[in-house]
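Coordinate analysis (summary)
Single-letter residue listing:
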Amino acid sequence: MVLLILSLGVAVTHVFPVISVPVTHIKLATFMDFTYGVFGWCYTSRHPAEFVQCTKRRIGYKYLDTNFYGEILYLPSESKYSISRLLVVHIIALINSIILAIMIFMITVTKHGDSPQFILSSALISLPLFVFSLFSFLVDILLFATHLGWPGWLMLADTVVMAFVCSLLWALRRTVSIRSYETLRETERYPMQHYQHSVQDIDESVMLEPLDEPISTYKTDNH
Amino acid sequence: MTGTLYDIPATYWDPIVKDWNRFISLDDSQSCSFRYGIFPMIISFTTNFIITFTLTVLVFLSMNDKPYIYASRSLKLGSLVATINLAISLTNLINLLKKQYEKLGMLGRFYMVQFFELNATFVALDFISTFILQCSQTFILMRMFERKKEKQVIFAVGISLAIISNLLWAVPRYHEIIHGISVKNENDNWELLPPFVYMFKIIIAASYASLIIKFIVNKRHQCFKTAQLTLLTIFTIIVVLLLPGFFVADLASFWIYELSELFNTTCYVGCTFVVWEWLERLSIIQKRQQAQSILGRAIYEDEQQNYTFAKYTLKVQDALTRKESVCSSSTSVFTRSEDVLEKLVAGLDSNATTAKTIKLNSISQSVSDNDDPISTNDELHELQSINRVQFNTERSYTDILHETFDNTINHVVYFSDKIGKNIGSYSMGSGSKSSTNSRRGKEQVKKRIGLDMTNKVYVYSTKDVQFDSDVDDEDDDNNEDTSTRDV
């Protein structure tokens, strides 16, 4: 349940940068009269009247087609504009976080919570999400430095939360793995039956006794 | 007239002095501030070289190859390559500065920065050393996680990340070297790659740091047990956070960005070796605790989940019993004894292909005799699939790779147990005696089998054991003798 809440939180926080400035009024970063988002940037002119002009929605910043500031694009850092194309990681991170949230929802609600393979796959998906969260934050900080808005700083929080979610998922994988080992299913416990059922004319007298496996308790909280 | 220039009462022209003062008061990379001069670069470069050299010497002095043979060897190789790289670069750089001074009469940092970007030797050796050290970091992480599946995941993820990041790093660098122009000055897609790779490397370093910090948090009771280990743990945390820290410093100051590659090399060597040394000391405490506990080393469920050998045995057993039942149902295609014999031959012989072909021939004959070819073919197929002993069939590459990896892990676990035993004996104070003990043991064995004194000749008594009856007989004989004498 904690996992589900955390993963949903991460997914929601990844939505904010993606729907920033040209789409809505959420600002990924503010510098002088300029506001920046993932899909573009806007200029707010104040002198004649308050007037907001934005670029087209696309990845990577381009010069704004205006007469006033047409040739200028101010970035808070010394970075080149081409680095703004790396903002695409926000979208990748959002997709990844949605997939992870769905998987964790399935783990919580459905029977997939008992399968170690499914939990392993979701744990493996959580690793790139951690990487992309950190990557998003690094790109933001590289482009906008200290002028970063709250959606950008949320990425840093997401990175920490994702590290926690990752470790929780791996711990869950261990727990489920141990549980499935201790309560081995019939086919795993009696591997003979699988073969014996496939043969029609089976001699009942040659049925083998099932293996006596030692059931032991293993350490769960080693790491 | 004797005297120096100072004796002449002359000053610079005022506009020049003003201009100069303005020039040195600017605080950016284009100014003439001491911070952006050549001397801090030389000092930092030399310091890097000395640190890396010292760490390499320490690596070769303190690291044993076993049990973690890949980790130790990759670390040794990586640090050696890094040291050689820095030594060559330092020599070339001094030569470059000398030529520059002789030609221009000044020392500028432009050529120095250009040297690091466009020198093919530096780039190639840096690429190799960074890649090897990242692999070594992966092996160290594998050592920290004891479960088989987690080790596999760490190995796959770590090595692939190392390959990707280094290849992406090398491509623009070689592009620069070949075209002789910095990628940053071009206005195409190339300029996107260096910052991407830079951040990618930072992310890898941050992941490494977070995994180690998580490990420290989990093992906090052991990590802070003694004062020495506490200091080493804190040092480990600092060293591991150095690389991500440089990113922050890079944002703050342009100066570091130019030299980030140099710092990177030292940081990689440092954060690999220090973590290794810390783990070594931590493992001694762990092994001691495990030795004191009842059960010893923890065993995990995935070490036993495969039951490879047991499954194989069961399959063979099952095949035998099934074959018997098939024989009893189908009216005497083979006799049971022949069947079992054939099965044993097929199963036990390592070159069982001949046996199998014989069997196939005989079965095909029986098919021709029998009127139900489909069912017999099915049986044949089933039998064959069960009869498939692993060494008879050609395995796929993935199987071989999987098995090799499993064997590697098993070796690692085995040697870790072994080294744990050795460390245990060492910590008990008997480590130095181990060689004398083994020598004594060898001498004992030699003595036992009679190889210790080969030159000496012994005369063995032919009668070792004296039975009472013999004694009685002798007594009787003596008695008879005496009696005869008496008579």
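If you're wondering where the values come from, they're calculated on a predicted model, not measured in any experiment.

**A look at the confidence of the model for chain B**
For any part of a model where pLDDT is low, the fine detail of the predicted coordinates should not be relied upon. All names here are of chain B. Looking at chain B, the pLDDT average stands at 73 and 60% of residues meet or exceed 70. Scored below 50 in pLDDT, residues 330-337 shows eight contacts in the model against residues more than four places distant or in partner chains. Low pLDDT, under 50, characterises residues 427-433; the predicted model gives this stretch four contacts beyond four residues in sequence or across chains. In the predicted complex, the global pTM is 0.64; the interface-specific ipTM is 0.73.

**With respect to the UniProt feature "signal peptide" (unreviewed entry) in chain A**
Taken from the UniProt record, the annotation "signal peptide" (unreviewed entry) applies to residues 1-15 of chain A. Here residues 1-15 of chain A runs as 93% helix and 0% strand, with 21 Å between its end C-alpha atoms.

**Considering the pattern of salt bridges**
Under the defined criterion, the tally for this structure stands at six salt bridges over all chains. Among the ionic pairs, A:Asp114 bridges to A:Arg179, the shortest N-O distance being 3.5 Å. Placement of the pair is A:Asp114 in the loop between α2 (89-109) and α3 (116-144) and A:Arg179 in helix α4 (residues 150-182), with a sequence separation of 65 residues. Linking A:Arg173 and B:Glu150 is a salt bridge whose minimum nitrogen-to-oxygen distance equals 4.0 Å. Placement of the pair is A:Arg173 in helix α4 and B:Glu150 in helix α6 (residues 148-179), with the two residues belonging to separate chains. Judged by relative accessible area, A:Arg173 falls into the buried class, the value being 3%. Ionic contacts of the salt-bridge type, sharing partners, join the residues A:Arg173, A:Arg174 and B:Glu150 into one network.

**Topic: the nonpolar core**
Membership of the largest hydrophobic core comes to 56 residues, with the highest contact counts inside it found for A:Tyr36, A:Val139, A:Phe144, A:Met162, A:Leu169, B:Met199 and B:Phe247. Among the secondary structure elements, those contributing two or more residues to this core are α1 (2-18), β1 (29-31), β2 (34-36), β3 (41-45), α2, α3 and α4 of chain A together with α7 (193-218) of chain B. Broken down by element, the residue count for this core peaks at 16 residues, all from α3(A).

**A word on the confidence of the model for chain A**
All names here are of chain A. Taken residue by residue, chain A gives an average pLDDT of 76. The fraction at 70 or more is 72%. Confidence drops under pLDDT 50 across residues 201-208; counting only partners more than four residues distant or on other chains, this segment forms 10 contacts. Scored below 50 in pLDDT, residues 216-223 makes 26 contacts in the model with residues more than four places away or belonging to other chains.

**A short note on the sheet that holds β2(A)**
Residues and elements named next belong to chain A. Within the open sheet, the four strands sit side by side as β1-β2-β3-β4. Their pairing is antiparallel. Since the sheet does not close on itself, it has two edges, and those belong to β1 and β4 (51-54), each with one partner. Averaged over neighbouring strand pairs, the angle between their axes works out to 20 degrees when direction is ignored. As defined by bridge partners, β3 adjoins β4 across four bridges and the pair is classed as antiparallel. Bridging from a neighbouring strand, cysteine 42 pairs with cysteine 54 of β4.

What counts and what doesn't
Residues numbered from 1 in each chain as written. Chains lettered and ligands numbered in written order. Predicted model: local features only at pLDDT ≥ 70, side-chain atom pairs only at ≥ 80, totals over all residues. Heavy atoms only, no water. pLDDT = per-residue confidence, 0-100. Contact = heavy atoms within 4.5 Å. UniProt positions renumbered as here; feature names shortened; annotations may be inferred. Helix = DSSP H or I, 4+ residues; strand = E, 2+ residues; numbered from the N terminus. Salt bridge = Lys/Arg side-chain N within 4 Å of Asp/Glu carboxyl O. Buried < 20%, exposed > 50% of the residue type's maximum accessible area, 1.4 Å probe, protein only. Core = buried A, V, L, I, M, F, W, Y, C linked by side-chain atoms within 4.5 Å. Pairing = 2+ DSSP bridges. Axes fitted to C-alpha atoms, helices over the stretch in contact; angles between N-to-C directions.

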